[in-house]
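For reference, the chains in residue letters:
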Amino acid sequence: MTMTAHQETIDQADQPLLRVRGLSKHYGMITGCRDVSFEMRPGEVLGIVGESGSGKTTLLNCLSGRLPPSQGRVEFNASRHGLVDIYDLSEPDRRRMQREDWGFVHQNPRDGLRMRVSGGANVAEPLMNLGRRHYGDMRQASLDWLNRVELDLSRIDDKPRTYSGGMQQRVQIARNLIHAPRLVFMDEPTGGLDVSVQARLLDLMRELVRDLGLAAILVTHDMAVARLMADRLMVMKSGAVVETGLTDQVLDDPQHPYTQLLVSSVLQI
Amino acid sequence: MNAQANDAALTATSNSPERYYTYGYLDEQTKRMIRRAILKAVAIPGYQVPFGSREMPVPYGWGTGGIQLTAAIIGPDDVYKCIDQGADDTTNAVSIRRFFAKVADVATTEDTAEATIIQSRHRIPEHPLKDGQIMVFQVPQPEPLRGLEPREMETRAMHAYEEYGLQYVSLYENVSAFGRIAATAGYPVMVDERYLMSPSPIPKFDNPKLHNSQALMLFGAGREKRIYAIPPHTTVRSLDFEDYPFETQKWEESCALCAADDSYLDEVVLDDQGQRMFVCSDSHYCSDRRAQGFRGPMAGHELVDIDKDAGQ
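Note that the coordinates shown come from a computational prediction; the quantities given were computed from them, not determined experimentally. (Residues numbered from 1 in each chain as written. Chains lettered and ligands numbered in written order. Predicted model: local features only at pLDDT ≥ 70, side-chain atom pairs only at ≥ 80, totals over all residues. Heavy atoms only, no water.)

## Remarks on the sheet that holds strand β7 (residues 195-197) of chain B
All names here are of chain B.
In step 1: The 3 strands are arranged β7-β6-β10 in an open sheet whose pairing can be described as antiparallel. Of all strands in the sheet, those bounded by a partner on one side alone are β7 and β10 (236-238). Direction aside, the axes of adjacent strands within the sheet are offset by 30 degrees on average.
In step 2: The pairing of strand β6 (residues 189-191) with β7 spans 3 bridges and is classified as antiparallel. Bridging from a neighbouring strand, V189 pairs with M197 of β7. (Pairing = 2+ DSSP bridges. Helix = DSSP H or I, 4+ residues; strand = E, 2+ residues; numbered from the N terminus. Axes fitted to C-alpha atoms, helices over the stretch in contact; angles between N-to-C directions.)

Below you can see the structure in the form of structure tokens.
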């Protein structure tokens, strides 16, 4: 890294990692999400909660460059470009930024993994996409990461279809963190898992996110997940953000009637 | 009635305008379309040019892409050679060779050095190719990334933006499963350090022959409707890892017929007792060497000897 590049990274620390201004997405007459604005700092975990159909996934797809919004700007502090609107970048630049700076954890690990190649190759693929060409190094890196996500290392060369749902999800998480991204998008990462596996996975994710100082955007309808993982919450209803604030503040002292309903409807045991 | 009788009198080998087929089987517009695709393919080495592949009188998988390429470039002064698995005398090679002898009035040969157009699926002949020769490959699957990425839109984008990390996943799988890069045929190459290309299912033994070749290499996939090319003197690099460099196949045996130790050998099982022989896959190379007097351990002997053996 050159002197100027280093200077730039210092300058970038003062800037937000992600800045969203007036983001809307319409599907014809139907509103996906409406006039969403927020900022994120490096290392921050933002939870997006709301009932199904409230526009959480639409918002996530707009933010992650998969779905061009109808209006508004999504600015990301990319390592190669500084703070830019991701939809202003050319397609190869955007794809490279997605490869280098982002991770995306799908709700269903089958969407995020290559089911035809082994777990180890799935974890090492982001490194190959970034131009690494040394097999031994990549093998070691994927072993390290499978170890970090507490996967049985003897299963490294097995196909993901032979893994349990929880194992698949852990492989997907390792695959999305191995290249040290700056921002990870998570769409209901614990959605399809049973409660005990959920708890361990949440524990693991919280640890990794804290250790690596990752910024993450976490979409969930599970208040417990939001409480455990997120620093800040955005509550969505019918495509609009109705309440935002620190997680504890929003969950302990909800202001908007919908948030009150959401919090009070969580089952207590 | 009279006109029909006149037509019947014309032979298929006639090159007059009244012949039954257009010269080289394909109609002129189709040949022009294919030639335009070839020119584009030569201009962008390794890039897959889509073309309007036609129905051919053989099924997909029997070399329709290669036949269309040959039909578009062949002329009456060409000398045509066709091989299948390196051999000139297998059914498919003989049929395609006869096809062009009939529809294009060309001389055919088995001699690699003498041929101007050599059509092949699985091999590049052992005899070094020279300036002015054209190799035509019959390609079943032109997209090297297809096994890993099923979406055509995505693989096209990957070629356009030179995102070739994914191809290394297949090599990684090889090394993790076998401890070496075990892929043997259709081994992916980088052409001119720009486009990733699948060199048809030739053994990786032949990959080094693609690099800086004096001959023009044309690849045609009839079913997949793609043409691509390696112009002469183009850099072709086989993919590998830093710690697992590219290697070609090696044999401990030499050819049982001609004793060649530098050619690609086929293993032939002789009986159910585990007897086998290794023999050159390039039939012309092998017979040429035997004509020069090279003899392998299982080469034919004088008839007298065989009789004597039988008598014992």
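## Examining the interface of chain A and chain B
Put simply, an interface is often sized by how much accessible area is lost when its parts join up.
In step 1: At the interface, 24 residues of chain A touch 20 residues of chain B.
In step 2: Among the residues chain A hides against chain B, the three largest losses belong to R95, R133 and Y135 of chain A. Together they make up 38% of the total.
In step 3: Counting across the chain A and chain B interface gives 5 salt bridges.
In step 4: Note that E163 of chain B and R99 of chain A form a salt bridge whose closest N and O atoms lie 2.9 Å from each other.
In step 5: Taken together, the links from chain A to chain B amount to 16 residue pairs in polar contact (both at pLDDT 80 or more).
In step 6: Counting only elements with at least two residues in the side of chain A that touches chain B, the list comes to α3 (91-101), α5 (119-129) and α6 (135-148) of chain A. (Contact = heavy atoms within 4.5 Å. Buried area = accessible area lost by both parts, 1.4 Å probe. Salt bridge = Lys/Arg side-chain N within 4 Å of Asp/Glu carboxyl O. Polar contact = N/O pair within 3.5 Å; in protein donor to acceptor, adjacent residues only side chain to side chain.)

## Digging into the packing of aromatic side chains
The relative placement of two aromatic rings is captured by the distance of their centres and the angle of their planes.
In step 1: This structure, assessed with the given rule, holds 17 aromatic pairs over all chains.
In step 2: Here W102 of chain A and F185 of chain A contribute two aromatic rings whose centre-to-centre distance is 5.0 Å and whose plane-to-plane angle is 80 degrees, an arrangement assigned as edge-to-face. Of this pair, W102 of chain A sits in strand β6 (residues 102-105) while F185 of chain A sits in strand β7 (residues 183-187), and the two are 83 residues apart along the sequence.
In step 3: A connected cluster of aromatic rings, assembled from ring pairs, spans Y135 of chain A together with Y168, Y172, F241 and Y244 of chain B.
In step 4: When the ring centre of Y168 of chain B is taken as reference, the NZ or CZ atom of R133 of chain A above it lies at 3.6 Å. (Phe/Tyr/Trp six-rings, centres within 6.5 Å; stacked < 30°, edge-to-face > 60°. Lys NZ or Arg CZ within 6 Å of the ring centre and 35° of its normal.)

## Considering the nonpolar core
In step 1: Counting residues in each nonpolar core, the largest one holds 65 residues, and the members touching the most others are M186 of chain A together with Y172 and F241 of chain B.
In step 2: Excluding residues within four positions of it along the chain, M186 of chain A makes contact with L60, V105, M205, V209, A216, I217, L218 and V219 of chain A.
In step 3: If you look at the next biggest cluster of nonpolar residues, it comprises 31 residues, including I34, A41, A93 and I117 of chain B. (Core = buried A, V, L, I, M, F, W, Y, C linked by side-chain atoms within 4.5 Å. Buried < 20%, exposed > 50% of the residue type's maximum accessible area, 1.4 Å probe, protein only.)

## What to know about the sheet that holds strand β5 (residues 82-85) of chain A
All names here are of chain A.
In step 1: Pairing within the open sheet is antiparallel, and its 4 strands lie in the order β2-β1-β4-β5. At either end of the open sheet lies a strand with only one pairing partner, and these are β2 (30-40) and β5. With direction set aside, neighbouring strand axes in the sheet form an average angle of 20 degrees.
In step 2: Together, β1 (18-27), β2 and β4 (71-78) form the strand contacts of helix α2 (residues 56-63), whose direction differs from that of β1 by roughly 125 degrees.

Taken by themselves, the reported measurements are silent on function.
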